[in-house]
Each structure stands twice: as structure tokens, then as C-alpha cells.
Amino acid sequence: MDVFGLGQCSLDYLGRIPAWPGPDTKCEFHDMVIQGGGPVATALVALSRWGLACHFAGVAGDDPFGRLIARFLRDEGVDVSGLVERPGHRSQFAFIAVEPGGRRTIFWQRPTGEALRPREIRMEVLRACRVLHTDGLFIEASLAAAAEAKRAGVLVAVDAGTLREGMLELARASDCFVGSESFARALVGGDDPLEACRRILGSGCRIAGVTLGARGYAAMFDGRKIVKPAWAVEAVDTTGCGDVFHAGLTYGLARGWDPEKSFDLAAWAAAQVATGMGGRAGIPAKADLRDRGYD
């Protein structure tokens with residue numbers, strides 16, 4: 001394996017609506033898409049399509065949604081032997097209403113089963129990988145995996161969507177820690193992504209960044225700071241853009257790239273995702289990466 005993914009997985013139903021409806025009205029949707037979702041799971045799909053061998057560790061229920069989550073990952077070539085099924089529990093599920101211009105509203109149900117436990121992680125697989133990619137959702141398991149990765153010389157990449165308990169401890173164990181805009185705001189108390197990068201770097205990691213949606217991203221590494229806008233595309237749906245941004249960073253880590261090249265791939269790939277419905281339809285192919293020199 002090249003990448004060990006640990007975190008969230010979901011089943012997503014997406015439908016396109018003409019505009020957000022008012023109360024007590026009916027709203028017809030069309031172009032429904034059923035896909036797997038979740039930050040880590042979708043990142044691994046991208047990485048698998050780009051030629052890396054990936055293992056997924058997470059939790060699903062024993063319901064039909066859980067079976068689809070696993071099947072969609074297997075169909076993409078991702079090893080799901082680390083996906084733990086919780087009998088009698090429901091899997092994570094989301095319905096996503098997509099408006100013109102790519103804006104979307106997510107209605108979601110969290111999984112009802114117990115969080116992934118450290119003892120359920122296949123550490124022997126982790127030790128043989130190049131990169132651990134986690135969203136910190138199962139914080140106890142994520143911290144245990146990050147500690148084991150550091151001992152084994154495996155790089156640690158974190159997709160930090162929310163500033164929750166344990167995330168700053170996870171930053172201290174990471175090599176690349178990139179937070180969302182909401183994470184950065186919660187961290188510094190305002191809109192200052194570079195200050196958020198400084199604080200993340202202060203934890204001891206080597207590469208820090210903040211994703212800013214349509215505004216692009218900010219990053220700091222090797223004494224440098226970078227602020228770049230997002231790639232301009234005609235957005236259909238922004239679901240999964242952040243997930244694939246992180247896939248680009250992890251791909252660069254696995255290949256030993258300079259961080260700036262990794263961020264460039266991340267931003268470009270994320271923009272391509274916005275041109276399709278769902279987080280996986282718009283993932284650029286391996287051939288597209290080669291054409292742009294990302295190989």
C-alpha cells in the first residue's frame with residue numbers, strides 16, 4: 001500500500017434543484033446521482049485513480065448504505081479490509097441539494113455505531129505505507145495511528161475540517177496539516193488564514209495550509225508563504241472539492257514532491273471536481289495529470 005486512509009465514509013444522494021424552496025412548498029429535483037462520499041474515502045478514490053494503492057479504515061453499519069459504501073470503494077480499487085461493520089447500526093448518509101452555480105445544502109445522518117477503536121486499526125498495513133491520510137474524525141484512533149506512523153517513518157497528512165478536541169494534538173504529530181476556512185476561523189478567532197498557518201506550524205508540523213473555497217488557499221512551509229486564488233471553472237457542484245484538494249497534497253507527499261507543486265495539483269484537481277455532480281465524477285484522470293506535468 002501507498003496510502004493508509006483513516007476517517008469518514010458516507011453514501012451521498014445528490015439532486016439538482018432550480019432554487020431553494022420556501023416552506024410548505026414542493027420542489028422537484030432532477031439529475032439524481034448516488035455516490036460514495038466522505039473526506040478520506042473520496043480522497044482515496046482520487047489517489048487510487050491516480051495509480052496509488054490505498055487502504056481504508058473506518059466504520060459503517062450493516063445496512064444497505066454500508067454495503068454500497070464498501071462496494072463503491074472496492075470498485076475503485078481501494079482495499080476496504082479496514083472498514084469495520086457495526087452490526088445493528090446505520091451508516092452515514094447524506095442528501096445534497098445542489099443549486100445553480102454549484103452552491104449546495106447537505107442534509108446528513110451521522111453513523112450510529114461506535115467510533116473506530118485503535119485496536120481495530122491494521123497497524124501492520126499502516127507501517128508499510130508511505131502516507132497516513134486522516135480527517136481526525138475518530139480522534140483516538142487517529143492519534144494512535146499518527147503515533148505509529150511517526151515511529152515507522154510514515155508521513156502524516158491531516159484534512160482538518162473542524163476544530164474539535166484532539167485536533168491540535170494531531171497537528172503536532174503530522175507532517176502536513178491543512179484546515180478548512182471554518183477550522184482556521186475557530187483557531188484564530190477571525191479571517192486570517194496566514195495566522196492560522198503560523199499557529200499550525202508552531203505545533204511542529206512541516207507544511208500548513210488553509211483551504212478557502214472559491215478564494216483559493218493559503219499555505220506556509222520552508223519559511224515561505226503562499227496565497228493563491230482558486231482555478232476558474234464553471235461550477236456545477238462543489239461537493240468533494242476539499243476532499244480532492246487533500247488528495248492532491250497526499251499524492252505529492254507520496255511522490256516526494258516540493259510542497260508548492262503538491263498545492264498546485266491540489267488546487268487544480270479540486271477545481272475539476274466542481275465541474276461534475278458529486279465528489280467523485282469530476283476527479284481528473286491519471287492521463288490528465290500527466291498532460292499537466294503532475295506525474
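For the structure itself, look to the data block above.
Remember, it's a predicted structure, so these values are computed and weren't measured experimentally.

### Overview of empty space enclosed by the protein
- Counted by the stated rule, this structure contains three cavities of 30 Å³ or more.
- Size it by volume and the largest cavity reaches roughly 50 Å³.
- Along its surface, the largest cavity is lined by Cys-176, Ile-207, Leu-249, Leu-253, Trp-257, Pro-259, Ser-262 and Phe-263.
- Mapped by element, the contributors of at least two residues to the lining of the largest cavity are α8 (241–255) and α9 (259–273).
- Take the lining of the largest cavity: its biggest share by element is three residues, from α9.
- Of the residues assigned to the lining of the largest cavity, the class counts are seven nonpolar, one polar and no charged.

### A few points about the pattern of salt bridges
- The final tally for this structure, using the stated rule, is 21 salt bridges.
- Of the charged contacts, one joins Glu-181 and Arg-185 as a salt bridge, the two residues approaching to 3.9 Å between their closest N and O atoms. Taken as a pair, Glu-181 and Arg-185 lie in helix α6 (residues 181–188) at a separation of four residues, close to a single helical turn.
- Residue Glu-195 is joined to Arg-198 by a salt bridge in which the shortest nitrogen-to-oxygen separation is 3.4 Å.

### Description of the sheet that holds strand β1 (residues 3–6)
- Read across the sheet, nine strands follow the order β5-β4-β1-β8-β9-β10-β11-β12-β13 without closing on themselves; strand pairing throughout is mixed. Of all strands in the sheet, those bounded by a partner on one side alone are β5 (79–86) and β13 (224–228). The average undirected angle you get between the axes of adjacent strands in this sheet is 15°.
- Alignment of β1 against strand β8 (residues 131–134), held across four bridges, turns out to be parallel. Paired with Leu-6 across the two strands is Thr-134, which belongs to β8.
- In the packing of α8 onto the sheet, contacts are made with β1, β8, β9 (155–160), β10 (176–179), β11 (207–211) and β12 (217–221), and the angle to β9 comes to roughly 170°.

Definitions and limits used
Residues numbered from 1 in each chain as written. Predicted model: local features only at pLDDT ≥ 70, side-chain atom pairs only at ≥ 80, totals over all residues. Heavy atoms only, no water. 1 Å grid on protein atoms, 1.4 Å probe; cavity = no way out; pocket = protein on both sides within 12 Å on 5 of 7 lines; lining within 4 Å. Points joined across faces, edges and corners; volume = space filled by probe spheres on them. Helix = DSSP H or I, 4+ residues; strand = E, 2+ residues; numbered from the N terminus. Nonpolar A, V, L, I, M, F, W, Y, C, P; charged D, E, K, R; others polar. Salt bridge = Lys/Arg side-chain N within 4 Å of Asp/Glu carboxyl O. Pairing = 2+ DSSP bridges. Axes fitted to C-alpha atoms, helices over the stretch in contact; angles between N-to-C directions. Contact = heavy atoms within 4.5 Å.

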